[in-house]
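# Residue-level structure breakdown
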Amino acid sequence: MGILVFGSINMDLTTYVPKLPRPGETLRGSSFITVPGGKGSNQAVACARLGTKTYFVGRVGKDAFGPEVLEIVKKEGVDISQAIIDPKSGTGLAVISVDENAENSIIIISGANLALDNSDVERAKTLMEDANVLMLQLEASLEPTFETAKAANQKGIKVILDPAPAYPIPQDVFPFIDFITPNEVETEALVGFKPANQEDAARAAKALKEKGVRTAIIKMGSLGAYYDSPEGSGFVRAFKVNAIDTVAAGDAFNAGLAVAISEGKSVSDAVRWGAAAGAIATTRKGALPSMPHRDEMLKLLKEQA
Ligand code: RIB
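Quick look at the structure, then. For clarity, every value in this text was computed on a predicted model and none was experimentally measured.

Moving on, we get to the sheet that holds strand β8 (residues 104-109). Across the sheet, which stays open at both edges, the four strands sit in the order β3-β2-β7-β8 with mixed pairing between neighbours. For this open sheet the edge positions go to β3 (31-37) and β8, each flanked by a neighbour on one side alone. The mean angle between the axes of side-by-side strands here comes to 20 degrees, regardless of whether they run parallel or antiparallel. The pairing of strand β2 (residues 10-16) with β3 spans seven bridges and is antiparallel. The residue bridging Thr-14 from the neighbouring strand is Ile-33, located in β3. Lying over the sheet, helix α2 (residues 65-75) contacts β2, β3 and β7 (92-98), oriented at roughly 90 degrees with respect to β2.

Quick look at the structure:
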């Protein structure tokens, strides 16, 4: 079965700096790269690299970046037959800084990602026969994102929502979500407190389940991830790697999770696949180029079993 990703696609303009600048501060950076990104297309490329047939629905603009980023996603093996070039919008951009501790800050210029509408939902529906998992984020237009969740849920497709970047989610959407995967900042936006430890994460996951999602997974960066699901709950420690750039680590995590769920793995195994995929992404620079491949993920899972 396949994975359908509905969401954003960007060009990332990334600077590497000793530390993230304070207001009013001018800093000398060490390097700069221009690479494809966007939470949706990062997740799609990671799923393809992890070995699952993957479909991407989204929009780029009719400018220099648009066709270039779409072509790269296609070359990675993602089916982009239902992604379009929108003549009225610019391609989404992300202006990113990464510091020496591998931490990042991101500013998004949404462009075509906010032009998604009901026609994109209809395009996504044409692919649903071939998918058993739908991946969503909150970087593209919200209404169509939630409509796609609803349509997939009605067809029995598992819906994974990465609530990034943080936005309020209408209460009636939660019951359509099988897996929600906030990081600490997004958890705070959803439940009102930032999880600092496993106990907090368990409380946050419970609060999210009470809103109607089946499984809540709290991503806690270098600590690990806590999950609460109908199969049980637990904490998966982060894999030990040499992190140099955390951009898109969350996207890789969600892809590892989605591929495992699509293959029928248990929730605890799927969270481990997510954690391993996310860890690998931190060892390389950039968003899309850092997405993990299946062989290296399986190797890491084996090495740190
Ligand atoms: O999750 C990382 C992504 O967030 C980057 O690739 C950037 O485009 C922003 O969307």
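Attention shifts here to the sheet that holds strand β12 (residues 215-219). Taken in spatial order, the eight strands line up as β4-β1-β9-β10-β11-β12-β13-β14 in an open sheet, and their pairing is mixed. On the outer flanks of this sheet lie β4 (54-57) and β14 (232-237), each paired with one strand and no other. One ladder, built from five bridges, connects strand β1 (residues 2-6) with strand β9 (residues 131-136); its direction is parallel. Counted as the bridge partner of Gly-2 is Ala-131 from β9. Strand contacts of helix α3 (residues 118-125): β1 and β4, with the helix running at about 175 degrees to β1, the strand carrying the most contacts.

This part takes up the site of the ligand. Close contacts around the ligand come from Asn-10, Asp-12, Gly-37, Gly-38, Lys-39, Asn-42, Ala-94, Ile-106, Glu-139, Ala-248, Asp-251 and Ala-287, and that covers them all. Here an oxygen atom of the ligand and a side-chain polar atom of Glu-139 are 2.4 Å apart. Taking Asp-251, its side chain carries an N or O atom lying 2.8 Å from an oxygen atom of the ligand. Here the ligand loses 97% of its free accessible area of 280 Å² to cover by the protein chains.

Take a nonpolar patch on the surface next. Together, Val-95, Ile-107 and Ile-109 line one region of the surface with nonpolar side chains, adding up to about 280 Å² of accessible area. Here Ile-109 is to be found in strand β8.

What follows is about the pairing of β8. Where β7 lies against β8, six bridges are found, and the strand directions are antiparallel. By the bridge assignment for β8, Ala-94 is matched with Ile-108.

Looking now at the environment of Asp-79. Turning to its location among the elements, Asp-79 is positioned in the loop between α2 and β6 (84-86). Taking the C-alpha atoms as reference points, Asp-79 and Phe-56, 23 residues apart in sequence, are found 6.2 Å from one another. Look past the residues within four positions of Asp-79 in its chain and what remains in contact with it is Lys-53, Thr-54, Tyr-55 and Phe-56.

Looking at the element boundaries, Asp-86 is found in strand β6. Polar side-chain contacts of Asp-86 include one of 2.8 Å to the backbone nitrogen of Lys-88. At a separation of 3.2 Å, a polar atom in the side chain of Asp-86 contacts the side chain of Ser-89. With residues near it in sequence (within four places) discarded, Asp-86 still touches Arg-59, Val-60, Gly-61, Lys-62 and Ala-115.

Bringing the nonpolar core into the picture now. Core analysis: the largest hydrophobic core is formed by 57 residues, its most contacted members being Ile-3, Val-78, Ile-217, Val-271 and Met-297. Tallying contributions element by element places helix α8 (residues 267-281) first for this core, with 10 residues. Residues within four places of Val-271 in sequence aside, it is in contact with Ile-217, Ala-225, Tyr-227, Val-236, Phe-253 and Leu-257. The next biggest cluster of nonpolar side chains, apart from the first, holds 39 residues, and it includes Val-57, Val-121, Val-159 and Phe-193.

Two numbers describe how helix α5 (residues 184-191) lies on helix α6 (residues 198-211): the axes approach to 10 Å, and their chain directions differ by 50 degrees. By the angle between their axes, α5 is oblique relative to α6. The two elements α5 and α6 cross, and the hand of that crossing is left-handed. Here Thr-187, Leu-190 and Val-191 of α5 lie close against α6, whose contacting residues are Ala-204, Ala-207, Leu-208 and Lys-211. By residue class, the composition of the contact of α5 with α6 is five nonpolar, one polar and one charged.

By the definition in use, this model includes 18 salt bridges. A salt bridge links Arg-123 to Asp-120; the shortest N-O distance between them is 2.7 Å. Here Arg-123 and its partner Asp-120 are both found in helix α3, three residues apart, which amounts to about one turn of the helix. Given the relative accessible area of 0%, Asp-120 is considered buried. Through salt bridges with shared partners, one network takes in Arg-59, Asp-86, Asp-117, Asp-120 and Arg-123.

How each quantity is defined
Residues numbered from 1 in each chain as written. Predicted model: local features only at pLDDT ≥ 70, side-chain atom pairs only at ≥ 80, totals over all residues. Heavy atoms only, no water. Pairing = 2+ DSSP bridges. Helix = DSSP H or I, 4+ residues; strand = E, 2+ residues; numbered from the N terminus. Axes fitted to C-alpha atoms, helices over the stretch in contact; angles between N-to-C directions. Contact = heavy atoms within 4.5 Å. Near = heavy atom within 4 Å. Polar contact = N/O pair within 3.5 Å; in protein donor to acceptor, adjacent residues only side chain to side chain. Areas by Shrake-Rupley, 256 points an atom, 1.4 Å probe, with all protein chains shown as cover. Patch = residues over 30% accessible without salt bridge, like charges linked within 9 Å, V, L, I, M, F, W, Y side chains within 5 Å. Salt bridge = Lys/Arg side-chain N within 4 Å of Asp/Glu carboxyl O. Core = buried A, V, L, I, M, F, W, Y, C linked by side-chain atoms within 4.5 Å. Buried < 20%, exposed > 50% of the residue type's maximum accessible area, 1.4 Å probe, protein only. Parallel < 35°, antiparallel > 145°, perpendicular 65-115°, else oblique. Left-handed = near helix turned anticlockwise from the far one by under 90°. Nonpolar A, V, L, I, M, F, W, Y, C, P; charged D, E, K, R; others polar.

Note that all results are geometric; they support no functional claim without further evidence.
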